Amino acid sequence: MARAVAVAVIAPSPGKEIFAHRESGDTLHAYVALSRPQDWFAAIDFTGAAAAAARIAQEFDGWAPELTALITDADIEPVLRPHYALPAAHRWDRVAGVTLLGDAAHLAAPNGEGANLAMLDGAELGKALAANPDAIEAALTVVCGGPVSFASPSSSPELAEALPEAQSVPSTG
Ligand SMILES: Cc1cc2nc3c(=O)[nH]c(=O)nc-3n(C[C@H](O)[C@H](O)[C@H](O)COP(=O)(O)OP(=O)(O)OC[C@H]3O[C@@H](n4cnc5c(N)ncnc54)[C@H](O)[C@@H]3O)c2cc1C
């Protein structure tokens, strides 16, 4: 299992993905993403760690054993985390004096960029406010790109579209 993850590995496929990366303390942290209806996950008893992991691993039948071992050979119980995504073309009218940053503003795809984008949003808003100290609405408009807000292109809408509807991520480590 450790051989499969030198630093980080992403093994994507339509509707499913295994993603793992190394952390300090000789720890491997793995995520398994599956696009399935919520009812599908509700039928799995996640309090039974081994059986739940085996059921999830079935969805990766035929994949390299080094990758499926990230699901079945974990030291801790899998954690079910539902994910929801906005449609790629989603837009909304701005309300004066208010803006959205981070996950609230971007299409949500669990691709490892979310925290970076949220911090970038905050930095850009800070710079815009500093440059427009007497015109806060102007600063907010600069950050939001105009009267209609939309998700940033850098938030990878193609990835959000690749993982539609309900998606859950059991994490193992
Ligand atoms: C399993 C998982 C793994 C991830 N891994 C990575 C990764 O490796 N790298 C990466 O860059 N990103 C990763 N992300 C994404 C990253 O965590 C988010 O993109 C980032 O936290 C977004 O920051 P945010 O401030 O916009 O939102 P959040 O961090 O969600 O902060 C919003 C805060 O608002 C609070 N809140 C909500 N409603 C209210 C309310 N009504 N009143 C008051 N407070 C409220 C919430 O409790 C929360 O604390 C991961 C996400 C998940 C779920």
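Residues numbered from 1 in each chain as written. Predicted model: local features only at pLDDT ≥ 70, side-chain atom pairs only at ≥ 80, totals over all residues.

### Let's talk about the confidence of the model for the protein chain
When pLDDT is averaged across the protein chain, the result is 79; 77% of the residues are at 70 or more. Mean pLDDT values for the elements of the protein chain range from 40 in strand β7 (residues 167-168) up to 95 in helix α2 (residues 49-58). Taken together, the stretch residues 150-173 has pLDDT below 50 and engages in 81 contacts with residues farther than four places along the chain or on a different chain. (pLDDT = per-residue confidence, 0-100. Helix = DSSP H or I, 4+ residues; strand = E, 2+ residues; numbered from the N terminus. Contact = placed C-beta atoms within 7 Å.)

### Brief notes about the nonpolar core
Counting residues in each nonpolar core, the largest one holds 14 residues, and the members touching the most others are Ile18, Ala20, Ala30, Val32 and Ile71. Put simply, the parts of the chain that give this core at least two residues each are β2 (16-23), β3 (27-35), α2 and α3 (65-72). Per-element accounting of this core gives the leading share, 4 residues, to β3. (Core = buried A, V, L, I, M, F, W, Y, C linked by C-beta atoms within 7 Å. Buried ≥ 20, exposed ≤ 12 C-beta atoms within 10 Å, placed from the backbone.)

### Topic: the site of the ligand
Lining the immediate environment of the ligand, one finds 12 residues, of which Gly102, Asp103, Gly114, Ala115 and Ala118 sit closest. When its residues are assigned to classes, the shell around the ligand shows 5 nonpolar, 4 polar and 3 charged. (Near = placed C-beta within 6 Å. Nonpolar A, V, L, I, M, F, W, Y, C, P; charged D, E, K, R; others polar.)

### A few points about the packing of α2 against α3
Relative orientation of the contacting elements α2 and α3 amounts to 145°, with a least axis distance of 8 Å. Read as a crossing pair, α2 and α3 show a hand that is right-handed. In contact with Ala53, Ala54, Ile56 and Ala57 of α2, α3 contributes Thr68, Ile71 and Thr72. Residues belonging to the contact of α2 with α3 are distributed by class as follows: 5 nonpolar, 2 polar and no charged. (Axes fitted to C-alpha atoms, helices over the stretch in contact; angles between N-to-C directions. Left-handed = near helix turned anticlockwise from the far one by under 90°.)

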